[in-house]
Structures are given as structure tokens and as C-alpha cells.
Amino acid sequence: MTRAIRNYFVFLQRCVCIALVGDWRYYAWTGLLTAVSLLGLNAYCRQFAHGLIVTGMSDEVSWGVYIANFTFLVGVAAAAVMMVIPVYIYKNEDLHDLVIFGELLAVAAILMCLAFVTVDLGRPDRFWHLIPGIGQFNFPKSMLSWDVIVLNGYLLLNVHICGYLLYCRYRKTKPGKWFYIPFVFIAIVWAVSIHTVTAFLYVGLGGRPFWNSSIVGPRFLASAFTAGPALIILAMQVVRRVTSSSSLGLGSPEGGGAPSPPPKRRAATPDDFVLLTRYLPEIGSVPSEIRQRLLPMAEVLEVQPGDILLRQGETEDKAFFILRGCVVVKRQEGGRFRITRTAGPGEQFGEITALDGTPRTATAFAEEPSLVLSLSAAALRLLMKSPQVNKIVRSRMSERLLITDRALMTLRSIVQVSMLINVFLLANEVFKEFYSGNLHVVSSKYLFVGLKNHHALVPWIWTAIAFNLIAMVLLVLPVSRSLKWLNVTCILCIVGIWIEKGMGLVIPGFIPTPLGEMMEYRPSLNETLVCFGIWSFGLLCYTVFLRMSVPILQGRLCQENEGAPDQSSNAAAAGAAPRG
Amino acid sequence: MDQNDMDKPPSSPASQPAPPADAMGRRSFLRTSAVLATGLAALAASLKPLLEMNDFPTMERFLQKYYKEMTPQDMAKVLKRIEDEVEQQYGLRPQVRDLKPMAGVEYVYCLNLTRCIGCRKCVHACVAENNESHDPEIQYIRVLRLPDGSLDIDKAEHFYAPDSVPEKGYFYMPVQCQQCKNPPCVKVCPVHATWQETDGITVIDYDWCIGCRYCEAACPYWARRFNFTKPTIPKDRLNPDMAYLGNRPRRQGVMEKCHFCIQRTRVGRYPACLEVCPAGARKFGNILDPNSEVSYILRSKRVFIQLKEEMGTSPRFFYYFDV
């Protein structure tokens, strides 16, 4: 028991240490986020001292950009976990590693949500009045008390799932199904609930006809499912870039050398499999008759440093196992080559194309004189009939943390469908409001065309509608299959929905007031700084979470290399406090 | 975020000729402390505005119990503390009472729209009686000017300022807390800081409210007001006759609203807005007493208006006309 606790604390300590080290870009990025967070903290302290008068809010418009951001981020948090559905219910392997990133995004988003509601309170010092049992908790009558429960519950669920899965990866043990699968399913239902409850905060107010419409809940979900995955598409590309980048890999893949003669080839012999078994014991589980059938489909390459074994973009479908020597895998991105990884004896490469038929994602070349076993796709599948081999090959594939383009395309189709539904629901709402033309249309009039010479929101909402429509068109066109256009589309979705659902929903609900007074709202500088501060804080949290989880998922931070002056601590010695 | 520092063989410090261990330790110690010092300085600078704090909660106030959970002894202590605080701030010792609702009483307000002339005397009497903030300005009553013939609130003029009232072609409708039988504001409060008492008055525990303003969003009558900063009341304008759930000075960051002048009505007096009305448009009383003026009005008038009746809030505030 004490040992288990000790182990866990060592794990936490190492996670903290790794979050404190990185290259100059990491320091620059986290430093910038910290600085903006502190700026926000400063603005919040001013608000804490002088009251909400330093914001643009008034008795007329009593909620502003804080609650708008809160609403938007609840959607992001909900959508991030819904990524789980394709993985656990439809067994979509492409998204498997994205799940942890999605849940970590959910955790960061919920932290931001909690920060946004806290800064909106007039008396944050009385937060304890909200704690069930100690304070007075108006449950189940007040929707806000529901929100307190669902948001905190959601935070705990996701912290548990991510923490447990990452700790298992760290210890290289198999996660116990009962320790996380039930929670995953609860989290899926819970994700819907957090956003529905947040919608009900507004929908339940009969005195505000603009919100008192049953379509708000579905609209919230549709827009969340658009903006959330769009945000993940962008975040995952950043993760992919920075986790595979290297300044070592600049230049040509050949390392500047002259093209070498084609590698020597020969047919594979049973001895080659014996050699491979020495590094990869799982091969031993393959029955000898299958090995015999493999021989004609396999050959052995003898390569010299600089020899290219496979090229990025090609589709020939061989998979390779290294028998001796060392192979470097580099990815070309924007004219630069970045080292993805270095593979040694017993390790595989090229298996993704062999198994999925997708083009090569990187170029592989020999680093030293090496012996490589080359298998056809059919041979690899035959080999993987053995459960042990299948398991090790698959787990290595996921350890390499592939954020494949296919995974991004799966997310794209989610964004695509959600955006269509979102625009459709918005059109429904606009039709009902304007065609019936009853007295309740005033807020919509104010939002879309302006009312009694007040039209502060009109340019915003039309920008949002334009962004949403352009994004929708791009999403249904094949052009958004290219990452460049997909990224543009995602940014349009995020900005469009942030305006439509944040400012476009919260503010017009207050204008005109229930007594017909026109009073507009403009966020103050202080209020804006607080918002930037919270966003920076959330991004900082997400960055740190990724910094901790990526090496764990890649298997480079694990219990095995615990005591050793591990790779992570050579930098730690420079950046972090001296350890032991 | 970059992982190379881990991938590549230990470079900088280790691959160079190793400096003496203590020099290394000293250097990294210096660097760590420089980073820490900068961080702490930045943090301290960010926290600096807290020094301008208007209203730092003392431990006693921070831990104050919920109104309904206080024993009479607790309440006596709190009332004394409030009196001390008010005296210290305004130089005038008030009397703060915790007045309970009377048995067999349910208050109702009737307002005669034919008589109201839109002079806003009720607004200012209310401000004076209930110690409402002068800066920023808080008023519980909003008088609407409506064109004759329409009750469409979107046609209301809030800031009418003619040389004299009443104006031809308009009528006036003062709106304040409607003391609903089914109050949306009470339902939404996450901490039970606002509730309906047995005499029908919806009250607020100003020391329990967390300032989320959900009640303000929920109210269909725009009757609730928020203290966006510390309220200011000129010392010579303070009304020293105070009630805990009524007109005692509020703090920054909490809600307030009309409470039918609890400090007056619960000791048998009329609300300040009624007393000041020069037109006799306002009537107030106990609906459970069949001989009260309000009982008579509600019995004898054929038409009266509950504002936004379709909301189902069932206001205890009735508008009527002399026909």
C-alpha cells in the first residue's frame, strides 16, 4: 500500500518535472501564456477590489462576456469527450490516441468554465455558500445548482479517466476495464448533460422570450459539436508538429551524401526469423508452418548509411523489421525534414501503409550499416494472426502516437454534419422569430437588424453568420480535405460559433430589458483582460497536460526508467530544481 | 513541447568537459532562484490592486450563518455588529431589527393608473427610505410613460422629462417588485439567498447572496438591482430605522430590491412610496382582512391588471383604473 502511494508520488513528481523543462519554444510559449494569465489576474484583482463596476455590465445587461465565454467553453468541454464515442462504441482505431487529448482538452475547458463563472460572481468570497452540506444548496430547483454538480462531476470524471489511463501507460500495465470503461460511458452521457443543463439555464427563464425557446438546447449541442472538434483538429496538428520535430533533421534526408547504389537483396531464411526472435520474442509464438509460408514473401536488405528504405508519399506497401543496425524515420513538413524517431533491432517501420494502405507518412533511411527484413503486406497480416505479434505491433503503432490525417478527416466529418445541423437549427429559429412577428421578436430584431437606433451587435452576428455559412460550404466541398483549407474552415467555425453562441445568445436576451428599456453592452478593457487571462490560463493548462502525457503515451516516460538519470532529466537538471 | 531534448544524447552540460560539481550546482541554483524571484515579483505585481480593496470581509462576516439558521443569540450579535459598522461608517447609530412576518397577514399592493401622474415622488421617497445608493444610482421603482390606449411595454418611455406632468396623451405606470406568489427569482437562486416570507414579501439575505445575478436575469419585471460597487449614501441622508431583511446598507456585490418597506409595514405603517404619493394612486394592505382597502378594491373593480399575467408569476401587485 505505502509502496503504491510512493510509486504514485514518484509518477506525479516526474510529471511535474517534465512540465518544467522543454526547448526554447516551450519556454517562450508557456512564458507568454503565464504573462497574459498574470495580466488577467491583475485585472481580476482590480475587479475584486472595486466590484463588477469595472466591467461593462449593468442592471440592464447583467451578464456579459464572462458568461458568453462560459457557455462557449462548456460546449468545447462537452464535444471534446464525445470524441470517445467513435473509439469505444464504433471501435474506430484512428481516433484512439486522440481520446486522451480530447479528454485533457475537456479538463482544460472545464477549468476555464469554472474560472469564468467565478469571476462573474459579485461575492466570490462567499463561494462556500454553494457547497452542499456546508452552505445552502438550492438543488434541484435552481438550474445553477445543477450546473455546479454537472461541471464539477464532469471535471472529476475526466481527471479520473485521463489520470488512470496515463498512469497505466506509465507503468506499462493494462488498464483494468472496470476502472475506466464504466466511467467513459458515464462521461459520454454526462457530456450531453453539461451542455443541456447550461442551455436550460437560459431556456428556463420565462421572462426572457429570446432564450425561452426549446431549440436552444439542440442548438447548443450542434454548435458545440462543430466548434469542439474544430478546436481539436487545430490542437492535434500543433501536437503532431511539436512532438515529431527536431532541429537535427534539417536538410536533405540523405544527409547530404551522394545517392548510393541500390541495397543488396536476398531471400529470407529461417535463420533471419531466429535472429528477429532474439529482439522480438513475440515472433516465437508464430507456428513454424506459418513461418515457412512467410519465407517466399520476405526478403532481407543489406543497407548502407543514407540508403532510403521507403519514401514519404509513396504507396508501395512493404513493412520492415530491423535485424541489425539502426534506421532513422524523418517526416518532411514544409520543405524541412524532422526526425520522427530512430528504430533499432527488433523494431518495425512502414507497417501503417502495409496495414492501412495509406501513403507513407515519412521517409526512412539507414543510419548505419543495417540488415532489414522486408515483408509484403500479406506477410505482415499473416504474421499478425498471432495474437502476441498483433498486440506488440499494434501497441507500438499507438505508442508512436499517430495523429494520422485519417483521424483528422474523421473529425472533419463530425464538424461537417454538426455545422449543417447548426445552420439548419439557426434558420429554424430565425424563421419562427421573424415570420410570426409577435411582440417577442424585439431581441431578435435588435440582434439581426438593430432596434430603435441601437445596433451594436448587428455587424457581429452577420460576421458570425457569414463565417458559419462559408465554413459550411467549405466543409461540404472536397477542398476541405486538404489540411490547409480544413484549418481555415476550423478557424471560421470556431470564431463564428463563439460570436453566435456567446455574444449572440447571451447579450440580446437582455436587450431590450423586460420593461422595454434599450441599453447596450460593451465589454470594458478590464473585463477583456480578465477573459484573455482565463483563456491563457486554460491554454497553459492544456500545454502542460500535453507536455506530461505525450512522453507517457510514447513510452518514453515510464516506470522502467524511473531511477536512472533518465533522458528527461538531462534537461531537467538545467531547467528545474536539482533532483536528488 | 519539444521532445528532442530527450531523444538526443545528453548534450550541453554533460557532453562538455564537466565543470566541478559545486560550480554546476551553484549555477543552476542561481538560475532557479532568478526564475523564482521574477515569478514571485510578477505575481506580487498582479495582486497589487487588492490593496485598494473596498470591503475586505472580516472573519466574523465571512463565517456568518444563513438567516434561517441563526439562533436569536446569533442574530442579536449580528445586529449589534451591523449597528457598530454603520455607526462607524456614517457617524449615526441606527436601530437594526429583525422583524418577523405577522400572523394572518398577506400584503397586496394596488395602484390606480387613472390617478398616477408620473411625478416620480415615489421613486425618490423609496431611495431615501431604503438607503439606496446615490452613486452609482440605484432605484427600486421605475415609472414608465405609455401612450394612451396601449399596455405594450416596448412602447414605454423610461426617461421622460417634461416641464410638468401629467402630459396629454400618456399615462404612467410605476413598476417595482411585484412580490409574486410564484417568484421566478426565488426558484433560480442557487443558495437560497432569496425567499418568500409568509406575509408574501420576497426578501434577500444580503449577507448570504453570492452575486451571481441569476435572479436578475429571471425577473420578468426588471425589479432587481445589483451593487456593482460599494454603494454610497450621503451621511445626512441615512435612514437609521433599519431592518435586517429590509433597508440596512448593502455591501458591494449583492442583490437588492423592493421589499414593501419591511421596516415600516411589519410594524403597521404604510410603505414610503404610498405615503408620499400626492395623487392617492397607491393602496396597500392585508388581503386576508376582508375589511381592508385592498380587499375592497379587488372585490369591487371589474378589471385589474397583473403585469405579464401570462408568465404565471401571479403578482401581488395590481394595477387598476377608475372607470
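What counts as what
Along every chain, residues carry numbers that run from 1 in the direction the sequence is written. Both sets of labels track the order of writing: A upward for chains, 1 upward for ligands. The model is predicted, so local features are restricted to residues of pLDDT at least 70 and side-chain atom pairs to those at 80 or more, both for listing and for counting; the totals for chains, interfaces and linings are taken over all residues. Think of it this way: any DSSP run of H or I at least four residues long counts as a helix, any run of E at least two long counts as a strand, and we number them from the N terminus. Just to be clear, the radius of gyration here is over C-alpha atoms, and the globule rule we use is 2.2 Å times residues to the power 0.38. Here the contact rule is simple: place C-beta atoms from the backbone, and any two residues whose C-beta atoms are within 7 Å are in contact. To assign burial, the other C-beta atoms lying within 10 Å of each residue's own C-beta are counted, with C-beta atoms placed from the backbone; 20 or more indicates buried, 12 or fewer indicates exposed, and intermediate counts indicate partly exposed. For helices, the axis comes from a line fit to the C-alpha atoms of the stretch in contact; other axes are also lines fit to C-alpha atoms, and the angle between any two N-to-C directions lies between 0 and 180 degrees. For any helix crossing, the convention is left-handed if the near helix is rotated counterclockwise from the far helix by under a right angle, and right-handed if that rotation is clockwise. For this classification, the nonpolar set comprises Ala, Val, Leu, Ile, Met, Phe, Trp, Tyr, Cys and Pro, the charged set comprises Asp, Glu, Lys and Arg, and every other residue, Gly included, is treated as polar. Two strands make a pair as long as DSSP finds a minimum of two bridges between them. Segment limits for the domains were obtained from an automatic or database-derived domain assignment. Throughout this description, the term nonpolar core refers to a group of buried Ala, Val, Leu, Ile, Met, Phe, Trp, Tyr and Cys residues whose C-beta atoms join them within 7 Å. In this scheme, a helix's expected span is set at 1.5 Å multiplied by one less than its residue total. A score between 0 and 100, pLDDT records how confident the predictor is in each residue.

What follows covers the overall build of chain B. Tallying secondary structure elements over chain B gives eleven helices and twelve strands in all. Against the compact-globule benchmark of 20 Å for 323 residues, chain B has a radius of gyration of 29 Å, which places it well outside the compact range. By principal-axis analysis of the C-alpha atoms, chain B measures approximately 105 × 50 × 40 Å. Sequence-distant contacts in chain B: of pairs separated by 6 or more residues, those separated by 24 or more amount to 65%.

When you go through chain A residue by residue, the secondary structure sums to 19 helices and nine strands. When the 580 residues of chain A are sorted by exposure, 47% land in the buried category. Nonlocal contacts in chain A, meaning residues at least 24 apart in sequence, comprise 80% of its contacts between residues at least 6 apart.

Before going further, it helps to spend a moment on the packing of helix α1 (residues 2–19) of chain A against helix α18 (residues 525–553) of chain A. All names here are of chain A. Remark: α1 packs on α18, axes separated minimally by 9 Å, with the N-to-C direction vectors making an angle of 115 degrees. Where α1 crosses over α18, the two elements pack in a sense that is right-handed. Residues C15, I18 and A19 of α1 touch α18, and the partners they reach there are V544, R547, M548 and P551. Of the residues contributing to the contact of α1 with α18, the split by class is six nonpolar, no polar and one charged.

In a pair of packed helices, the angle between the axes and the distance between the axes together describe the arrangement. All names here are of chain A. At a closest axis distance of 8 Å, the pairing of helix α16 (residues 458–476) and helix α17 (residues 483–506) adopts a crossing angle of 145 degrees. Considering how the two elements wind past one another, α16 and α17 form a crossing that is left-handed. The segment α16 lies against α17, with W460, I461, T463, A464, F467, N468, I470, A471, L474 and L475 engaging W485, T489, L492, C493, V495, G496, I499, E500, M503 and G504. Class assignment of the residues belonging to the contact of α16 with α17 gives a composition of 14 nonpolar, five polar and one charged.

Bringing the pairing of strand β12 (residues 317–320) of chain B into the picture now. Residues and elements named next belong to chain B. Neither face of β12 is left uncovered, since the one carrying F317 and Y319 and the one carrying F318 and Y320 both have all their residues buried. Sheet topology note: the strand β2 (residues 107–112)/β12 ladder contains four bridges and is parallel. Paired with Y109 across the bridge in β12 is F317. Relative to β12, strand β11 (residues 304–305) runs antiparallel, the two sharing two bridges. Counterpart to F304 in the pairing with β12 is Y320.

If you check the domain split of chain A, you get domain 1 (1–204 + 529–567) and domain 2 (264–399). Averaged C-alpha coordinates put domain 1 of chain A and domain 2 of chain A at centres separated by 39 Å.

Our next topic: the pairing of strand β9 (residues 370–375) of chain A. Residue and element names in this part refer to chain A. Taking burial as the measure, the six residues of β9 include five buried ones, the bulk of the element. One ladder, built from six bridges, connects strand β2 (residues 298–303) with β9; its direction is antiparallel. By the bridge assignment for β9, L301 is matched with V372. Across five bridges, strand β4 (residues 319–324) lies against β9 in antiparallel orientation. Bridging from a neighbouring strand, F321 pairs with L373 of β9.

Another aspect to go through is the nonpolar core. Residue and element names in this part refer to chain A. Core analysis: the largest hydrophobic core is formed by 203 residues, its most contacted members being A77, A109 and C113. The element best represented in this core is helix α5 (residues 96–120), accounting for 17 residues. Once residues lying within four places of it in the same chain are set aside, the contact partners of C113 are F70, L73, V74, A77 and L151. L309, L323, V329 and A354 belong to the second largest nonpolar core, which has 36 residues in total.

Before going further, it helps to spend a moment on the interface of chain A and chain B. Chain A puts 69 residues into the contact, and the matching count from chain B is 64 residues. The set of elements that each furnish at least two residues to the side of chain A that touches chain B consists of α2 (24–50), α6 (143–171), α8 (216–243), α18 and α19 (567–575) of chain A. Counting residues per element, the side of chain A that touches chain B draws most heavily on α2 of chain A, which supplies ten residues.

Time to look at helix α7 (residues 177–203) of chain A. Taking 1.5 Å per residue as the helical rise, α7 of chain A with its 27 residues ought to reach 39 Å, and the 38 Å between its terminal C-alpha atoms agrees with that figure. If you check which residues of α7 of chain A are buried, you get V184, A187, A191, I194, H195, V197, T198, A199, L201 and Y202 of chain A.

With that settled, consider the environment of E103 of chain A. Residue and element names in this part refer to chain A. Residue placement: E103 occurs in helix α5. On the basis of neighbour count, E103 is assigned to the buried category, with 27 C-beta atoms found within 10 Å. Separated by 137 residues in sequence, E103 and R240 place their C-alpha atoms 17 Å apart. Non-local contacts of E103, meaning those with residues more than four positions away in its chain, are made with A80, V81, N158, I161 and C162.

Residues and elements named next belong to chain A. Ordered in space as β1-β2-β9-β4-β7, the five strands form an open sheet in which the pairing is antiparallel. For this open sheet the edge positions go to β1 (264–267) and β7 (348–349), each flanked by a neighbour on one side alone. The pairing of β4 with β7 spans two bridges and is classified as antiparallel. When the sheet's bridge partners are listed, F321 is paired in β7 with Q348. Most of the contacts of helix α9 (residues 270–279) go to β4, to which it runs at about 80 degrees, and overall it touches β2, β4 and β9.

Okay, the sheet that holds β2 of chain B next. Residue and element names in this part refer to chain B. An order of β10-β2-β12-β11 is seen for the four strands of this open sheet, with the pairing classed as mixed. The sheet is open, and its two borders are formed by β10 (282–286) and β11, each paired with just one other strand. Together, β2, β10, β11 and β12 form the strand contacts of helix α11 (residues 293–300), whose direction differs from that of β10 by roughly 110 degrees.

Per-residue pLDDT for chain B averages 91, and the proportion of residues at 70 or more is 92%. Taken together, the chains of this predicted complex give a pTM of 0.83 and an interface ipTM of 0.90.

Moving on: the confidence of the model for chain A. All names here are of chain A. On average, residues of chain A score 85 in pLDDT, and 89% of them reach the 70 mark or higher. The weakest mean pLDDT in chain A belongs to α19 at 38; the strongest belongs to α16 at 96. Low pLDDT (under 50) marks residues 245–258, which in the prediction has 26 contacts with non-local residues, meaning those over four places away or in another chain. Below pLDDT 50 for its whole length, residues 565–580 participates in 31 contacts with residues either more than four positions away or in separate chains.

Residue and element names in this part refer to chain A. In this model, α2 (27 residues) spans 39 Å end to end at C-alpha, consistent with the 39 Å of a helix rising 1.5 Å per residue. Taken residue by residue, α2 has Y26, L33, S37, G40, L41, N42, A43, Y44, Q47 and F48 as its buried positions. After α2 finishes, the residue G51 shows a positive phi value of roughly 95 degrees.

That bond from F139 of chain A to P140 of chain A is cis: its omega, 5 degrees, falls within 30 degrees of zero. Position of P140 of chain A relative to the elements: it lies in the loop between α5 and α6. A positive phi angle, near 55 degrees, is found at S314 of chain B, a position not held by glycine. Inspection of the secondary structure puts S314 of chain B in the loop between β11 and β12. Residue S314 of chain B is classed as partly exposed on the basis of its C-beta count, with 13 C-beta atoms lying within 10 Å.

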